[in-house]
Amino acid sequence: MYIKTFFLLATARVVLAKVQFLGIAIAGGDFGCQIDGSCPLGSTQLPIRSDGVAQMQHFVKDDGVNILRLPISWQFLVNNKLGGDLDSTNLAKYDQLVQGCLATGAHCMIDIHNFARWNGGIIGQGGPTDDQFVSLWKQLATKYANAENIVFELMNEPHDLDVGVWANTLQKVVTAIRGAGATSQMILLPGTNFDSAATLATSGGAEQLLDIKNPDGTTDNLLLDIHKYLDEDNSGTHAQCTTDNTDAFTSLAQFLREKGRKGFISETGASKDASCLTAFCAQNTLINKNADVFAGLVGWGAGSFDTSYIMSLTPSKQNGRLVDNQLMTQCLLSTWNNSEDSGVKDQDSTTSLPSVLFSTFYSTRTPSTSSATKSATSSEPVITLDIDSNTSVLQTASLPPSLTTLIIAAGTPGDESYSIALATPTETSIPTQTQVTASSTPTGGASSARATLLLIWGCILLSLSL
C-alpha cells in the first residue's frame, strides 16, 4: 500500500531554461477591428509587400525568433459574407503573408481577430452560429492541413460571454480542424475577459477550456491561449506600465502545473516608457522561468505598425538594414537568449549521460478531492535541467537517503517537450539544493533504453499489485 500511494501522489515537472517559442505579431490584417467584432474591409493593411517579408526574415534570421503571429479578420477572409466560402482573392492575399512566414522556417500563427463576434453578435450566443464559425476553421484547416508549422489561434480576445457555451463552440471547432486533416498542429484555446492571464484560471474559463479534447480523446497540442498587457486597464493603449504581471503569471503557471497542461502567451506588449523597460523585462523573465507550462511568448507588434506606434516592435531602417528597438532587444530577445542555464555540462552524449544540476525545492499544495487517493497533501519537486536529443534515460546517484528518485525521459527528447517521471515519498525533509551527477554508463542505444523502461515499469506494476 505504501508503494501504491507513493506513485499516485508523487508529481514532478521539468523547468526548461526558456520558452520554446519566441515570436512577434506581424499586424495589419486586423487593422480596423473593434471589440464588437466589426472589421471594415477598407481598414485592412496586410503587410504583404517587401517590408512585411523583410521584417519576417529579419526577425527569424537575425534575431532567432521562431514564431510569427498573423492576425486577420473573419470579414476579410470571406469578403463580408458570413457563413460563406473563403474568398479566393482575399485568401490569396492572406496566404501570401502565410507563405512568406513559412518560407522563413518559423511557425506561423493564424489569428482570427474578431473578439468572438461578428459585427456585434457573439458567436453561438445570438450572433453567428456555431456552424458558421466551424465552417471558417474547417476551410482554413483543410488549406493548411499539410503545413506542420501552422498554429491555429481560434479567436483573439473573447469577452463578455458565457464561457461554458463558448467552450462547447470551441470543441466543435477543434473536432472540425482535426477532421480536416490538421491532426498535429497546435491549437490555442482562448478564454473570456479578453483572454487575460489575470482571470483565466478563475472567471476566464480555463477549467472549461481544458476539458476540450481531440477526436481521439487526447489533449495533445491543445494549449490555453493567454494575453496580458501591463498598463492600467490591460488594454495596451497607455504608455505607462503599472504592473509587471508577475503575480498573474505565477498564479496561472501554478494552475497549469496542477492540471498538467500548457499555455501559450500569444499576445503581450508594452510601450518604450522607462517604466515598461523594467516591468516588461521582469514579466518576460518570469515567463521564461516557467517554461515547463508556458510554451511560447509573442510580442505585440510589428508588421504594418509604424515605428512611432505606442506598442511598436517594428524595426527601423538604418543604413540599408533593419534594426530592433530597445524594447525588442532588451525585454524580448535578451530575456529569452540569456535565460538562466540549467547546469548541464557539455559531454559526448554517445558515450555517457550528462552531468545534471538539480535545483530542487518543494511547494506544498492540496490536490483536488475528486479522488480518495488525492485527498492528502503532496510535495511537488521542481527540477531544472536540459537534456540533449540523444539522451533517453537518466540515472542518478549520490542522493540524500530521504529522497528516492526515479527519472525517465521516455523516447528521444527533441526540440519540443519531453516527459520525465520523478517518484518521491510524500514525507521527506525539505532539501535546499542537491547536485546529482549521472553515472557514466553508456546509453546503449534505443533498444537498451526500451529494455530499461520495460524493466522499470514491470517493477512498478508488480509493486502496485501487491
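Remember, it's a predicted structure, so these values are computed and weren't measured experimentally.

Some points on the pattern of salt bridges
Argument step 1. Enumeration over the complete set of coordinates arrives at 7 salt bridges.
Argument step 2. Put simply, Glu153 and Arg69 hold a salt bridge, and the shortest N to O gap is 2.7 Å. Taken together, the positions of Glu153 in strand β7 (residues 150–153) and Arg69 in strand β3 (residues 67–72) put the pair 84 residues apart, joining distant regions of the chain. In this structure, Glu153 and Arg69 share a single accessibility class: buried.
Argument step 3. Between Arg257 and Asp292 there is a salt bridge, with the nearest N and O atoms lying 2.8 Å from each other. A residue pair is termed long-range when its members are at least 10 positions apart, and Arg257 in helix α8 (residues 246–259) and Asp292 in the loop between α9 (274–289) and β11 (294–303) qualify at 35 residues.

Quick word on the state of the cysteines
Argument step 1. For the structure on display, the rule yields 4 disulfides.
Argument step 2. Shown here is the disulfide that connects Cys101 with Cys108, its sulfur atoms set 2.1 Å apart. Taking the sign of the S-S torsion, -105° for the link of Cys101 and Cys108, the bridge is left-handed. Judged on exposure class, the residue Cys101 and its partner Cys108 are both buried.

Overview of the side chain of Asn288
Argument step 1. With respect to the element layout, Asn288 can be found in helix α9.
Argument step 2. Side-chain polar atoms of Asn288 contact the backbone oxygen of Thr335, separated by 3.4 Å.

Considerations on the side chain of His159
Argument step 1. Here His159 lies in the loop between β7 and α6 (163–179).
Argument step 2. Here Asp160 takes part through its side chain, which lies 2.7 Å from a polar atom of the side chain of His159.
Argument step 3. With residues near it in sequence (within four places) discarded, His159 still touches Ile35, Phe115, Arg117, Thr192, Asn193 and Phe194.

Brief notes about the pairing of strand β9 (residues 222–229)
The side chains of a regular strand alternate, first on one face of the sheet and then on the other.
Argument step 1. Of all 8 residues in β9, 8 are buried, a share of seventy percent or more.
Argument step 2. Inspection of the sheet shows strand β8 (residues 187–189) paired to β9 by 3 bridges, in the parallel sense. Among the inter-strand pairings, Ile187 is bridged to a residue of β9, identified as Leu222.
Argument step 3. Relative to strand β10 (residues 263–269), β9 is paired through 6 bridges, and the arrangement is parallel. Following the sheet pairing, Asp225 is matched in β10 by Phe264.
Argument step 4. A crossover links β9 with its parallel partner β10, the connecting element being α8, and its sense is right-handed.

Some words on the environment of Thr307
Argument step 1. Structurally, Thr307 is set in the loop between β11 and β12 (316–318).
Argument step 2. Each C-alpha atom, one on Thr307 and one on Lys317, is 9.9 Å from the other, the two residues being 10 residues apart in sequence.
Argument step 3. Dropping the residues within four chain positions of it, Thr307 is found in contact with Lys272, Ser312, Thr314, Pro315 and Ser316.

Digging into the sheet that holds strand β4 (residues 107–112)
Argument step 1. Taken together, 8 strands build a closed barrel; the order of strands is β2-β3-β4-β7-β8-β9-β10-β11 and the barrel is parallel. Shown here is a sheet whose adjacent strand axes are inclined to one another by a mean of 30°, direction ignored.
Argument step 2. The sheet contact formed by strand β2 (residues 21–27) and β11 spans 6 bridges and is parallel. The residue bridging Leu22 from the neighbouring strand is Leu297, located in β11.

Concerning the layout of surface pockets
Argument step 1. The computed volume of the second largest pocket comes to approximately 570 Å³.
Argument step 2. In this structure, the second largest pocket is lined by 27 residues; those nearest its centre are Phe115, Glu157, Ser235, Thr237 and Glu267.
Argument step 3. Among the elements that line the lining of the second largest pocket, the one with the most residues is β9, at 3 residues.
Argument step 4. Partitioned by chemical class, the residues of the lining of the second largest pocket number 11 nonpolar, 11 polar and 5 charged.

A few points about the nonpolar core
Argument step 1. Judged by nonpolar contacts, the single largest core of 94 residues is most densely connected at Leu68, Leu70, Phe133, Trp137, Phe152, Leu154 and Phe294.
Argument step 2. In terms of residues, this core owes the most to one element, α6, which gives 8 residues.
Argument step 3. With sequence-adjacent residues up to four places away left out, Phe133 is seen in contact with Trp74, Ile123, Leu154, Met155, Trp166, Thr169, Leu170 and Val173.
Argument step 4. One finds Met109, Leu223, Val298 and Met311 within the second-largest nonpolar core, a separate group that totals 17 residues.

Concerning the packing of α8 against α9
Argument step 1. For the pair α8 and α9, the least separation of the axes is 9 Å and the interaxial angle reads 15°. By the angle class used here, α8 and α9 are roughly parallel. In terms of crossing hand, the pair formed by α8 and α9 is right-handed. Of α9, the residues touching α8 (which contributes Thr246, Phe249 and Thr250) are Ala282, Gln283, Leu286 and Ile287.
Argument step 2. Along the lines of polarity and charge, the residues of the contact of α8 with α9 split into 4 nonpolar, 3 polar and no charged.

About the cut-offs
Residues numbered from 1 in each chain as written. Predicted model: local features only at pLDDT ≥ 70, side-chain atom pairs only at ≥ 80, totals over all residues. Heavy atoms only, no water. Salt bridge = Lys/Arg side-chain N within 4 Å of Asp/Glu carboxyl O. Helix = DSSP H or I, 4+ residues; strand = E, 2+ residues; numbered from the N terminus. Buried < 20%, exposed > 50% of the residue type's maximum accessible area, 1.4 Å probe, protein only. Disulfide = S-S within 2.5 Å. Polar contact = N/O pair within 3.5 Å; in protein donor to acceptor, adjacent residues only side chain to side chain. Contact = heavy atoms within 4.5 Å. Pairing = 2+ DSSP bridges. Right-handed = clockwise from strand over helix to strand, strands pointing away. Axes fitted to C-alpha atoms, helices over the stretch in contact; angles between N-to-C directions. 1 Å grid on protein atoms, 1.4 Å probe; cavity = no way out; pocket = protein on both sides within 12 Å on 5 of 7 lines; lining within 4 Å. Points joined across faces, edges and corners; volume = space filled by probe spheres on them. Nonpolar A, V, L, I, M, F, W, Y, C, P; charged D, E, K, R; others polar. Core = buried A, V, L, I, M, F, W, Y, C linked by side-chain atoms within 4.5 Å. Parallel < 35°, antiparallel > 145°, perpendicular 65-115°, else oblique. Left-handed = near helix turned anticlockwise from the far one by under 90°.

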